[in-house]
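# Breakdown of the fold
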Amino acid sequence: MQTQQDSPTSSPGPFVSFLSAAVIFLCVVGGTLSAANAQTEPPVLVEAEGFADTGGWVVDPQFMDLMGSPYLLAHGLGVPVNDARTEVAILEPGVHRVWVRTKDWVAQWQAPGTPGRFQVILNGKPLATTFGTIGAQWHWQDGGEIDLPKGQLRLALHDLTGFEGRCDAIVFSRDRSFVPPNTDPEMLSFRRRCLGLSEKPEPAGEYDFVITGGGIAGICAAVTAARLGLKVALIQDRPVLGGNNSSEVRVWLQGARSKQPWPRIGDVVAELEAEKRAHYGPENKADLYEDDKKLAVVRGEPNIDLFLEHRGNGVEMEGNRIRAIVAQEIRTGRRLRFVARWFADCTGDACIGALAGADFDLQEKNKMGPCNLWNVCECKDTNAINTGTKESVEDVPFPRCPWALDLSDKPFPGRDKVKPDPNKLGGWYWESGFDRDPINEMEYVRDWNFRAMYGAWDALKNVDKVLTKHKLNWSAYILGKRESRRLLGDVILDVVDLEQDRKFPDGYSPTGWDNDLHRPSPRYNKGFEGDAFIATAEHGYFPAYKDNRSFWIPYRCLYSRNIDNLFMAGRCISVTHAALGAVRVMRTCGTQGEVVGMAASVCKEFDTNPRGVYVKHLADLEKRIRKGVGKVDGSTIPYSNQGERGHGPRQVALAQPAWLGRVGENLARMAEVKTMPAAKTDGVDRTVLLNDGYGKIEDNSGRWLGKGALPHIIEYRWHKPVELGAVRIISGWHNGVRVLFPVSHFQFQHHDGKAWQEVLPAVEGNDNPVWSATFAPVNATHLRLVITQTPHNISRVWEVEFYEPLKDGKR
């Protein structure tokens, strides 16, 4: 039997089985006292993530397998967070040297300033040293010497800035010459011995099926297998389930489920659907993601043992089979050994598969990057609101951030010196890491996202001096990843399969999204080449999507081709980079999990492996697929593929204009939009929906609605002239089967500086929900759509798009 654990120097190796703990121990190294003088007491190690009260600091385990441990992060958005507190037993009085493992998180960019500053406070008094001020890499910063009395020591971490200070651990040593080790294997040994942890993991039990990764795919695999009688362990490294669809990351479900001919695939996903949704700004609140609902679904299954805050980072192999995986508890460092016959990697990063030696692919450059979504909100004077007065809160200041990305003279979404759009700050397109290693450089990428956020807000508040009554409201510190390793199965789904509409005999998981791939946006890339922080989406409309059908992902993409008992579900399935955009969204990932859970039950019934299910028992798998395992019939529960609130009963795709692939970006995205009449729903300005880039017609709540006396006018303004030559309007009402009531009579006009001029002849009698046209090129800064007639006098518009003239000159 072979045990495999990655080290930081292995390739591609992201995972090291490092230890941390929630308790404080005296450290004896190698069976002897660690000090040169054996008369001194051994050092005391305090792990930050184990503080009794973490205060306003958050526990961050994302990079523990690279830098050695989870750590505490002062994620205060520029407002210092509350102290983290604990107590330490000092057995012998006397002078101790203090070491703190930390870093200056912006030093790797030689950025001015030290935003991550914090203090260590002992018995109410801060040490003289300010920490987080030196060192681009994780290291032990010397905190000097202090005379400590015997007994309980009150220890606190005091944040000074609110700008992402971080602390891994603290060491107290009577030996003034002792320096804690900072590299492996010495650091690993030091941590284990200090924390009293065994070299061997503790037994967690034996299971039929062990699933690592508690996102939507992992939840669905676990619930499905458990309902079919398997004993299941579900391992998740966060305190909540849902992954990107949790309150920690806040990405809505997209994709398809409950589709013919397999309408019961998606039943479990349907149980996880949120009742409400939000996309933009402060409306995207934590409670919308219903973390408790996901936990209740899993905890309601007696066949599931749930292990929250455990990170799978070790495997034991028997030939080409996984015998056991090892998971480390985030706050205590305790390791558990999970033995099973079958395993599923639902980690997104293919963590378990990589450790097991599974074949995988990884796009080194030009991949999709992760986001850290964020938003801002306007501060209200609660007293004024309650009393009905017009008094407002005073301006909300924000400090200068010289260490952030310098965006003082750079464009970014939402920036407008006259009328900025706060709803375009921090959305899905605030994305980076396109050319960065998706495993080993993720702390760099997350911190780069932080620098982009703080730099943008600094520019708006302190350079443009706009949004004066707004504040940073929320930001994810957990990365929302899109692309990483992809494990290889017996079938590797490619974009050619999508484009040729290939039918697989084992196609059971439905797509419901176009082939949506992201790349750096050319508009915002200048000056940040190689580290762009704003993305644009490239949409591949394959035949099934155009025809309002699902493409069915084959089961053979859901198990490893060289590890005999390993399944996978989620964004790490067997697919090429070029086809990943169609299969990576979470509703589709959940259906993959359901298929995997069913296949695992076939494995148990017939004592076979995942490949054997396809070769010999496909009919048995299909019996389960036809029946489903949901407590409700998912096909009776509507769902939406749009980020705004609401539910559309089914997905629709309409024909695209032939010229769409021959033009550049949608230039309407860069314009300021005004409407007459103004459109507000529940006090929310819906004008932003007209150029948000999401013309998902299956969701009626994603539309701007113009009501009242005609004409209805939509005006677009650009800061400098743009050359336009093509336009598309997406309008109407989706009734669950088709789109009705598009705007019927309208005209386009541009202003030449003196008067409004016709761009195209007036359109009359339009009945096409996706109307489009090309026209003779015009240079304009001001253009408008004038709607003169529309069904029931209501203009129902998802999107108005403007494009450059066709590159080949053909109209």
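Now for a quick tour of the structure. (Residues numbered from 1 in each chain as written. Predicted model: local features only at pLDDT ≥ 70, side-chain atom pairs only at ≥ 80, totals over all residues. Heavy atoms only, no water.)

### Points about the side chain of Asn666
Spelled out, the test is: Helix numbers and strand numbers start at the N terminus; a helix is a DSSP run of H or I with at least 4 residues, a strand a run of E with at least 2. Only protein chains enter the area calculation, which uses a 1.4 Å probe; residues under 20% of their type maximum are buried, those over 50% are exposed, and those in between are partly exposed. Polar contacts, as used here, are pairs of N or O atoms within 3.5 Å; protein pairs need one atom able to donate a hydrogen and one able to accept it. Residues neighboring in sequence count only if both atoms are side-chain atoms.
Looking at the element boundaries, Asn666 is found in the loop between helix H14 (618-627) and strand E31 (672-676). Residue class for Asn666 comes out buried when judged on its relative accessible area of 12%. For Asn666, the side chain forms a polar contact with the main-chain nitrogen of Ala668, separated by 3.1 Å. In terms of polar contacts, Asn666 uses its side chain to reach the backbone amide nitrogen of Phe802, at 3.2 Å.

### Here we look at the packing of aromatic side chains
Filter applied, for reference: Ring geometry is summarised as follows: Phe, Tyr and Trp rings, the Trp one being its six-membered ring, pair when their centres sit within 6.5 Å, and such pairs are stacked at plane angles under 30 degrees, edge-to-face over 60 and tilted between the two. Two limits define a charge over a ring: the Lys NZ or Arg CZ must be within 6 Å of the ring centre, and within 35 degrees of the ring normal.
By the definition in use, this model includes 36 aromatic pairs. We note Arg250 situated over the ring of Trp474; from NZ or CZ to the ring centre the distance is 3.9 Å.

### Thoughts on the sheet that holds strand E11 (residues 125-126)
The following threshold applies: Each pair of strands is called paired provided DSSP finds at least two bridges between the two strands.
A sheet is described by the order of its strands in space; here four strands give the open sequence E8-E13-E10-E11, paired in antiparallel fashion. Edge strands, defined here as strands with exactly one partner in the open sheet, are strand E8 (84-90) and E11. Examined bridge by bridge, strand E10 (residues 118-122) and strand E13 (residues 151-159) share five bridges and lie antiparallel to one another. By the bridge assignment, Leu122 is partnered in E13 with Leu155.

### Some thoughts on the nonpolar core
Inclusion rule: The set of buried Ala, Val, Leu, Ile, Met, Phe, Trp, Tyr and Cys residues whose side-chain atoms join them within 4.5 Å is what this entry labels a nonpolar core.
Counting residues in hydrophobic clusters, the biggest one holds 93 residues, and the most contacted among them are Phe209, Phe338, Tyr555, Phe567 and Leu621. The next biggest cluster of nonpolar side chains, apart from the first, holds 53 residues, and it includes Phe398, Val445, Met453 and Tyr477.

### What about unusual backbone geometry?
Following Asp184, the chain continues into Pro185 via a peptide bond in cis, with omega recorded as 5°. With respect to the secondary-structure elements, Pro185 resides in the loop between strand E15 (169-173) and helix H2 (186-194). With a phi angle near 55°, Leu77 is a residue other than glycine that sits in the positive phi range. Locating Leu77 in the fold gives a position in the loop between strand E7 (71-75) and E8. One non-glycine residue, Asn793, adopts positive backbone phi at about 60°. Here Asn793 lies in the loop between strand E40 (770-789) and strand E41 (795-803).

### A short note on empty space enclosed by the protein
The probe, sized like a water molecule, is rolled over the atoms to show the empty space still left. Our working definition: The way it works is a 1 Å grid over only the protein atoms, where trapped points that fit a 1.4 Å probe form a cavity and open points with protein on both sides within 12 Å along at least five of seven lines form a pocket, and then any residue with an atom within 4 Å of a point lines it. Grid points are joined across faces, edges and corners, and a volume is the space filled by probe spheres set on the points. Residues are grouped as follows: nonpolar covers Ala, Val, Leu, Ile, Met, Phe, Trp, Tyr, Cys and Pro; charged covers Asp, Glu, Lys and Arg; every other residue, Gly included, is treated as polar.
Applying the stated rule across the entire model yields five cavities of 30 Å³ or more. What the largest cavity holds in volume is close to 120 Å³. Lining the largest cavity we find 13 residues, and of these Asn245, Ala274, Lys276, Leu288 and Tyr289 sit closest to its centre. Partitioning the lining of the largest cavity into residue classes produces seven nonpolar, two polar and four charged.

### Observations concerning the packing of helix H3 (residues 216-227) against helix H12 (residues 586-606)
This is how the line gets drawn: Every axis corresponds to a line fitted to the C-alpha atoms, with the helix fit spanning only the stretch in contact, and the corresponding angles, defined between N-to-C directions, vary from 0 to 180 degrees. The cut-offs work like this: below 35 degrees is roughly parallel, past 145 is roughly antiparallel, 65 to 115 is roughly perpendicular, and the gaps in between are oblique. Handedness of a crossing is defined here by the sense of rotation of the near helix relative to the far one, left-handed for an anticlockwise turn of less than a right angle and right-handed for a clockwise turn. In what follows, a contact means two residues having at least one pair of non-hydrogen atoms within 4.5 Å.
Here H3 crosses H12 at 30°, and the two axes come no closer than 7 Å. Judged by the angle between their axes, H3 and H12 are roughly parallel. Between H3 and H12 the crossing geometry is right-handed. Of the residues in H12, those touching H3 at Ile216, Ala217, Cys220, Ala221, Thr224 and Ala225 are Met586, Cys589, Gly590, Gly593, Glu594, Val596, Gly597 and Met598. Taken together, the residues of the contact of H3 with H12 break down into nine nonpolar, four polar and one charged.

The values reported here are purely geometric and, on their own, carry no functional implication.
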